[in-house]
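Examining the three-dimensional arrangement
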Amino acid sequence: QVQLVESGGGLVQAGGSLRLSCAASGSIASGNAMAWYRQAPGKQRELVAHITNSGSTNYPDSVKGRFTISRDNAKKNTVYLQMNSLKPEDTAVYYCGTWYRGTLYWGQGTQVTVSS
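A brief look at the structure comes next.

Rules used throughout
All residue numbers refer to position in the chain's written sequence, counted from 1. Given that this is a predicted model, residues contribute local features only at a pLDDT of at least 70 and side-chain atom pairs are listed and counted only at 80 or more, while totals for whole chains, interfaces and linings are drawn from all residues. Side-chain metrics rest on all non-hydrogen atoms present in the structure, leaving aside hydrogens and water. What counts as a ring pair is set by centres within 6.5 Å for rings of Phe, Tyr and Trp (its six-membered ring), and what kind of pair is set by the plane angle: stacked under 30 degrees, edge-to-face over 60, tilted for all other angles. Every helix listed is a DSSP run of H or I at least four residues long, and every strand listed is a run of E at least two residues long, numbered separately from the N terminus. To sort residues, take the accessible area from a 1.4 Å probe on protein chains only and compare it with the maximum for the residue type: under 20% means buried, over 50% means exposed, and anything in between is partly exposed. Charge-over-ring placement is defined geometrically: NZ (Lys) or CZ (Arg) within 6 Å of the ring centre, and within 35 degrees of the ring normal. Here, the term nonpolar core denotes a set of buried Ala, Val, Leu, Ile, Met, Phe, Trp, Tyr and Cys residues that are joined through side-chain atoms within 4.5 Å.

Further remarks concern the packing of aromatic side chains. Taken as a whole and judged by the stated rule, the model has 2 aromatic pairs. A ring pair is formed by Y37 and W106, whose centres lie 4.7 Å apart and whose planes are at 80 degrees; its orientation type is edge-to-face. In this pair, Y37 is assigned in strand β4 (residues 34-39) and W106 in strand β10 (residues 103-106), connecting sequence segments 69 residues apart. Judged by relative accessible area, which is 13%, Y37 ranks as buried. Centroid distance Y95 to W106: 6.2 Å. Interplanar angle 75 degrees. Geometry classified as edge-to-face. Within this pair, whereas Y95 is found in strand β9 (residues 92-100), its partner W106 is found in strand β10, the two being separated by 11 residues in sequence. Residue W106 is classed as partly exposed on the basis of its relative accessible area of 34%. Aromatic ring contacts, followed pair by pair, group Y37, Y95 and W106 into a single cluster. Lying across the ring of Y95, R45 places its NZ or CZ 3.7 Å from the centre.

Written as structure tokens, this is what we have:
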């Protein structure tokens, strides 16, 4: 079993910053690939950041240069999402995800609301 717990969401004005945290536990290997997704009302869940077990990262164009995913050096299954220059269209529930035996596991999500 895999458990993920996100934290750090909240309400912020456009142009502001937030940092989300995600701690994964359970049967996954240390340093497992992890990702952040988001889902806005009425829209599909979309990938916003991914980090591999070797530390490589990738982002969609919509957040590139504004969002940064990183891994805690000590707690390898804890990742962060630093979000800068936030826009109202970044408003969504943000989910952390990781893979175990071919299954993608999610946390409960954390709400991020960006006011204009």
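A few words on the nonpolar core. Counting 28 residues, the largest nonpolar core has M34, W36, F67, L81, M83 and Y94 as its most contacted members. Counting only elements with at least two residues in this core, the list comes to β1 (2-7), β3 (18-26), β4, β5 (46-51), β7 (67-71), β8 (78-83), β9 and β11 (110-115).

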